[in-house]
Amino acid sequence: MEAARCNVECLSEFSDCHSVRLIQDDTNVFLTSGDGGVLIFNVQERRVTTVMQFEALVISLALSEDKHRLYALCANGGLYCTPLPPQLSSSSVVMNKSSDSVLYTVPDDFIVLKSFFLQAFTIVEKILVTLSLHKSIWSFDLYEEPGSRPLHKLAHFQVVTVNTCCSNTTDKEKSVSSPPVLTSIYPEGSTSVSTHQSDLHSHLEPHLFRLLFGVDASLINSPVILCGLPDGRICCFPLLVPTLAGPTGERRSPVRVLQSLEQPVVFIGTCVSGEHGPQCLVAVGQRGKLLMVRSKQATLEGKKADYGFNEHSVRGPVLCACVDDKRLYYSSLNDLHALQLSTTSSSSDTAGTESQLRALTSDSLGVCKVVALSGPYTNSTGSVQLFAVSLSGRLLQVNLPHGSEKGNVPRLPSSVAGQRVKDLLASIGNIWERAESLKHKLQEKNESLKRLNQVINVCSLLLDKDGNENECNTSTKHPISCRGVARWSSLLQRDSLTLACVLENSSGCTLEHGWTLCIQVHPLSKGPNMEASSRTYSFPFKKLDSGQKLNVTIPLESTCGLSLPAKIYCSLVFSLSALFSPEASSPGVSQLLTETSSISAPLSTLTVDWLDVLRLDGSFSHSNIRHNTVTDGIQAFLRSRGALNKDADTTTAGPIAVTVRVSSELLKSKLQLSATSSAETCMSVLNWLVSPEAIGQTLVQSRVVCAYSPDGCSVKIMAKEVTLGDICSDGPLEVLEIRVESTSVAAVCGLHHAILRRLQVLLRDSTVKCGHTKQLKAQSLFEAIRHVESLYKDLQDAQNQAALRGTMKTKSSEILFPILLQLRANPLVIL
Amino acid sequence: MTVEGKFESDEEVDRWSEENNNIIVTWKQNERGLEPNQNVRKRCCLESLKLLQKIQGIPAATERLKLEMTVSYNTFLFSLSFSNASEIEESLTHSLLRVLEAAGSQVSSSDPVRLWKAVLQTFGTSVYVPYVHKLLLIQWMLWLMQCQLEKVLTLLTQTNHKREHSAPVNLQTETRNLALSMEEDSSLMVAMAAKDLKDLLHICTVVCQGVEQMKMEKYSEALEAFQEAKGLPSPRSLLAQIHTLTGQSFAKLGQPHCALHFYRKAVEVDCACHSALYQSALVFRQLGNPKAEMEALRLLYSAVQLQSDKSSSSTSLVCPATLSGEQMTFISRIPSPSLILHSLAHTCVFNGSISDGVEYYLDLLASLQSDGKDLILTGNGTSLPRIPVVYLEAAFALLKAERYSDALVVCEEVITSTLDFIPERVLLDADEKQNVADSDVVLENVDFVLWAGAAHLLQAQAHWKLKDTKEAITNFTRAINHLVKVFSKQKDWKQKYLGNTEAMVERMVILEAAKGQALAGRGLCFLERGQLKEALRDLHLSLQMTPGCKNIKMWLTEVLWRLDRKEEALTHWREADRDAPKSVILPLYLQLWPDDTAFDFSDLKKKMEEYVQAKTT
């Protein structure tokens, strides 16, 4: 029903609470929590400002007349009277000083009354009215409100004892399950009341008040205490009227039983505003019995004016209820209902029943599991609000719809009804669509999160490995690894150098769609005609399950030729856009991604050097040689024409050789060679140099490796053991001499560099210490140093000359080249 | 226990003794002030209780026995004003059990009488006797508060066990001969010295006995007891109470002047003794001395008002009033201020001091409207009349004080409030079996009719006094219409039938009187307007309702004279002189013509005498 739809705001959430009391003053809501606390919730600030901690579960709450003190009845039988914290009592002052809620522990000293038989209490006109149950007798006691006086000076006044009619059941249990309800009702228009506390007490129009509660109470405007007992009886007695003599002079108990609901009373209040105030007394029973008391006007025939009881029933159980001037709000466990109570007093019986039946159609407000209600209040904007506490401990603010009186419009015409049905169906369709799209979005989000989680997993796997970047070979222990080997392959009669890379996923997780293997080739040296720097090859893949491998091959030669040595950087890249599935309907977050938004995780770094790319004898086809000889021929031709001046110098000088000397003992220990003969050692060392990945195999069967460099020049690498007598002081030193010979300077240089680099890596990486340091002969060291110094001097001269003469290239290279050769030909021994 | 342990225990005893003494010092300092602070009292009580709990937290032992008993004594005295007697008695029983435990004797029963027997036997002559006797005083006090004098007697007899049981057991002699060990230990301070408490208990016991005798209507025996009590030293307030009680006994014995003498003594001893004032007012009423009664009530009212302004917290540790049991408080209770005010106002109006009465009634109405808190405090059996009656009385007073418009307003209140309750007719049928509830309803309905009728009657009177005879006639008619709604099946309802209760008869009499007054009033109005026939009819009817009323007869004579029916006039004239008016006790608000002096009949008298003379001559 459109009219009854209300707007619910959850103000705050507390712990679960089953028996909740809720009262409200101007700015604060007081509610009990399960563990003996009273939470004071400021509605304006929307937070709990104060927590008052009592020693036991709080059963019932009330504010004093001046709202400066809070009374609380606890389960331990103590009635506490505690002053409210100052910032609460001065309600108008907004305190922004502290944002934290304050905890007050209420000590024993604040107990004003202690009795285990106390069941309920209320404070009216500065009189504390308590109701206690002892030995199946209910007794009301009236005390002067303690106020600031510490001693509870009780003007004790035992009003009456009423025998409970069903005393066979244990009263204690019954009363615990549904405590009695105490309400005070004033006659409307009593001057002392209307000023400041009209919100706390109910009023009733004077006529009905007089009829119900007698002439005496009405004449002196005494409030009347109404009490709904758990056995269903509704008792009443006027508060300020003395015990009056009965008609025959005897003393009468002022307590009168008004009616019995025959089920526990949940609520008593007044409702249906008329000209002179509320016209109807309402009582609600736990099982849904609704009692309405209205006055019957005196008719013209002179019949005495009377009041009438109307009983109705609503669907129970009723947990709590409240009223405003037209409606009764009550909460069954499933829903909060608003019940329109008829304004017409039943003048004639037949018309009355009909109108009341119509009146008893309740509107569902669609708020379930409300266990306590307070209100309703009209706020500044004119909307009506209820405060409710749900079973799960939420404080709810229920904003009632504005013109909901129209909810009682009896019946719609059929045409309008059809339209209404259509509208409703349409709105159902709309809601279904919305729900569907929301579901879809949710799925997408979950999917993305799953992917993101996987990506983060993979990244953390990759980050786990520490920075051994150089050796791709040793990275087998990592779950995701990339290795590469340079190979010659011939395609279309042309030999080309390629790098075969293997990405192996030995981790537990799958590399999903979105990952890309990126291989960057970055030449280390920069020749004059090799401006083009690094090239990147990327291989996006669909999926790489755990245990699978991905083989890729990239060319090492670029259009500008081969540049060696080159560094190869392997990395896994994830593009963030892959997080969002391509079929995602809305652009969503993915539109915020820039082009480059990706995650890049480095895998491994390898170096391809001259040694890697050597073509050993017999490992290539003849066509290639021919091809090479052709190029040789062309080069020779060009050389003869003088086009290639620079090369001409180098090639004509015959094969160039460089040597590297390493202490064979060192090498053996580093490479862990078991060979004893010098020949074997040499072969092993050559094998290690030429094909490092196959160290067990013996590609090389002699001390000399003949191979071709990538540019087709033949290269010889020789190894032999030499005994040097003049270096070491403690005898001759076994030295392995590696000699590279080639006609091409580039090849020689490249190989020399490569061999040195490998030795360097070998010596740096391994931690094996040599057995003892050799005593070197100072003589030979001096010679070596002097030699190097002279070479350095020559080099400086050449530089100076070059600097003075400008760009006479040929000349300078002529000078420099012999220096280079001399430097390389006479190496120092690596020990 | 090892030496070390004993040493520790000694230290503990010292520490706790010091704590106890500190509490007592704080208490006494507070009490020395003019207005003792209740907070301090409460704190002392709590601290003492905590100390006791600490001491009782460890097993009872003889080393700590003195300390424990002293702290128990103090705690019980403190908690007198904070908890009820049964709670204290429970704690006392617990303490006794611990005392026995320390002494090593086991008593399974927790019956206080047996416990005391065991305790007194165990500690017969030991050093602990003063402390045991302190607790005994507490027990005495508790039983006295509950008026269990037999138990007190048993206890005291047990204490005096040294003496032979030859003489018949008598509480008075036992109390008189009580030998308690009253030595005080300066290291263990007490809130009230045992001797003081014993003296107080002694006198209270005597008074309580006297009150018991009063309840049994043995006033001379009661007087004996009070006489003995007066011989004992006692606080002022208690002495005043004793004087009041003596006075009450004398009043009951039919010696009002003796009673007044003792009431005066009581007020002389303690000016705050309100019950003496109230009782003397009652005696003055009995003696028919309205001036003195009004004076007493006036004093009482101002005294009560003064007291309610002050904080009425009890000033002493052990209040004698609570000690003397509930009965004495019941006997010496005074009505609530509202009730006193009503008595005062009623007496004033009744005795003709109208202007004072009006003021008191207006005060009463105001206090009823603003806060009826003091209404709740009920008096001793007397209660305020129903509120409409109070209103009617106030209206009557206003009418008498010639504040007619005010009277009209007050009556209007009664009329509107009773309007809804007025039934179409009320049939008083004593033949049919009516249960009590039904007859109550009927009586209440009669009351409503009566009130409404009386209100209209008073309004009509006010209009008549304002010379608005038309309005007066309307209201008289209304009053009559209301009042005739009640009728009885029996013709002679004034006789007491089996079912005709006294209340019903009383109401019927009042109703008839009211009817008669209304008819008479209307008749007079008609007479004033010159409608002689109507006047004659009404006055005739009125005379039927209230036979023997001299005023009506006189008016009837006047009407008949004017109608020139002189013979008839003469007959009535003679009757009026002859018949003495029948006295009927009417409510205050219907006593419009209390005596014959209400109207001036000198003209008529002259006329009639002339006529008689003319006839005879």
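- In the annotation of an unreviewed UniProt entry, chain B is listed under the name Fanconi anemia complementation group G and assigned to Cirrhinus molitorella.

- As recorded in an unreviewed UniProt entry, chain A goes by the name Fanconi anemia core complex-associated protein 100, listed as coming from Cirrhinus molitorella.

1. Focus: the overall build of chain B
Consideration 1: Scanning chain B from N- to C-terminus turns up 28 helices and two strands.
Consideration 2: The proportion of buried residues among the 617 residues of chain B is 54%.
Consideration 3: Summarising the internal contacts of chain B: among those between residues at least 6 apart in sequence, 68% fall at separations of at least 24.
Consideration 4: For chain B, the accessible area works out to roughly 29000 Å², and carbon and sulfur atoms hold 52% of it.

2. Things to note about the sheet that holds strand 19 (residues 256–260) of chain A
Residue and element names in this part refer to chain A.
Consideration 1: Reading across from one edge, 16-15-17-18-19 is the order of the five strands in this open sheet, with mixed pairing throughout. Single-partner strands in this sheet number two, and they are strand 16 (202–204) and strand 19. Ignoring which end each strand starts from, the neighbouring axes of this sheet average 30° apart.
Consideration 2: Across the sheet, helix 4 (residues 206–213) is in contact with strand 15 (181–187), strand 16, strand 17 (224–228), strand 18 (233–238) and strand 19; its angle to strand 16 comes to roughly 90°.

3. Concerning the side chain of serine 60 of chain A
Consideration 1: Relative to the elements of secondary structure, serine 60 of chain A occurs in strand 6 (residues 58–63).
Consideration 2: Ignoring anything within four residues of it in the chain, the contact list for serine 60 of chain A reads Arg21, Tyr71, Ala72, Leu73 and Phe121 of chain A.

4. Details of a negative patch on the surface
Consideration 1: A contiguous patch of negative charge on the surface is contributed by Asp10, Glu11, Asp14, Glu18 and Glu63 of chain B.
Consideration 2: Take glutamate 18 of chain B: it is sitting in helix 1 (residues 3–32).

5. Structural notes on the packing of aromatic side chains
All names here are of chain B.
Consideration 1: The tally for this structure, following the rule as stated, stands at ten aromatic pairs over all chains.
Consideration 2: Consider the rings of tryptophan 27 and phenylalanine 78, whose centres lie 4.4 Å apart with planes at 45°: the pair is tilted. One end of the pair, tryptophan 27, is in helix 1; the other, phenylalanine 78, is in helix 3 (residues 65–79), and 51 residues separate them in sequence.
Consideration 3: What links up through ring pairs into an aromatic cluster is the set Phe421, Phe448 and Trp451.

6. Details of the confidence of the model for chain A
Residue and element names in this part refer to chain A.
Consideration 1: Per-residue confidence for chain A gives a mean pLDDT of 71; residues scoring 70 or more make up 65%.
Consideration 2: Highest mean pLDDT in chain A belongs to strand 17 (86); lowest belongs to helix 9 (residues 645–652) (43).
Consideration 3: Under a pLDDT of 50 for its full length, residues 404–410 has, in the predicted model, nine contacts with residues more than four places off or in other chains.
Consideration 4: Contacts from residues 619–628, a stretch scored under 50 in pLDDT, to residues over four places away or in other chains number ten contacts.

7. Remarks on the sheet that holds strand 23 (residues 306–313) of chain A
Residues and elements named next belong to chain A.
Consideration 1: Strand order in the open sheet formed by four strands is 20-21-22-23, and the pairing between neighbours is antiparallel. The open sheet terminates on both sides in strands that have one partner only, identified here as strand 20 (265–274) and strand 23. Averaged over all pairs of adjacent strands, the angle between their axes in this sheet comes to 25°, without regard to strand direction.
Consideration 2: Here strand 21 (residues 277–285) runs beside strand 22 (residues 289–296); their pairing, made up of five bridges, is antiparallel.

8. Brief notes about helix 17 (residues 337–350) of chain B
Residue and element names in this part refer to chain B.
Consideration 1: An ideal rise of 1.5 Å per residue puts 20 Å on 14 residues; helix 17 measures up with 19 Å between its terminal C-alpha atoms.
Consideration 2: Along helix 17, twelve of the 14 residues are buried, which leaves the element largely enclosed by surrounding structure.
Consideration 3: Regarding helix 17, the residues found buried are Pro337, Ser338, Leu339, Ile340, Leu341, His342, Ser343, Leu344, Ala345, Thr347, Cys348 and Val349.
Consideration 4: Just downstream of helix 17 lies glycine 352, where phi reads positive at about 90°.

9. Notes on the pairing of strand 20 of chain A
Consideration 1: Strand 20 of chain A sits mainly inside the fold: eight of its ten residues count as buried.
Consideration 2: Once strand 20 of chain A ends, the chain turns through two residues before running back antiparallel as strand 21 of chain A.

10. Digging into the pattern of salt bridges
Consideration 1: Inspection of every chain in the model, using the stated rule, returns 22 salt bridges over all chains.
Consideration 2: Across the pair glutamate 268 of chain B and arginine 264 of chain B runs a salt bridge, and its minimum N-O distance is 3.6 Å. With a gap of four residues between them, glutamate 268 of chain B and arginine 264 of chain B both fall in helix 12 (residues 256–269), about one helical turn apart. Of the two residues, glutamate 268 of chain B and arginine 264 of chain B, both sit in the exposed class.
Consideration 3: Beyond isolated ion pairs, a larger network of salt bridges with shared partners links Asp216 of chain A together with Arg386 and Glu444 of chain B.

11. Examining a nonpolar patch on the surface
All names here are of chain A.
Consideration 1: On the surface, Val421, Leu425 and Ile428 cluster together to form a nonpolar patch covering roughly 290 Å² of accessible area.
Consideration 2: As for its placement among the helices and strands, valine 421 is situated in helix 7 (residues 414–464).
Consideration 3: Given the relative accessible area of 47%, valine 421 is considered partly exposed.

The rules behind these values
- Residues numbered from 1 in each chain as written.
- Chains lettered and ligands numbered in written order.
- Predicted model: local features only at pLDDT ≥ 70, side-chain atom pairs only at ≥ 80, totals over all residues.
- Heavy atoms only, no water.
- Helix = DSSP H or I, 4+ residues; strand = E, 2+ residues; numbered from the N terminus.
- Buried < 20%, exposed > 50% of the residue type's maximum accessible area, 1.4 Å probe, protein only.
- Contact = heavy atoms within 4.5 Å.
- Areas by Shrake-Rupley, 256 points an atom, 1.4 Å probe, with all protein chains shown as cover.
- Pairing = 2+ DSSP bridges.
- Axes fitted to C-alpha atoms, helices over the stretch in contact; angles between N-to-C directions.
- Patch = residues over 30% accessible without salt bridge, like charges linked within 9 Å, V, L, I, M, F, W, Y side chains within 5 Å.
- Salt bridge = Lys/Arg side-chain N within 4 Å of Asp/Glu carboxyl O.
- Lys, Arg positive; Asp, Glu negative; His and termini not counted.
- Charge placed at Lys NZ, Arg CZ, Asp CG, Glu CD.
- Phe/Tyr/Trp six-rings, centres within 6.5 Å; stacked < 30°, edge-to-face > 60°.
- pLDDT = per-residue confidence, 0-100.
- Expected span 1.5 Å × (residues − 1).

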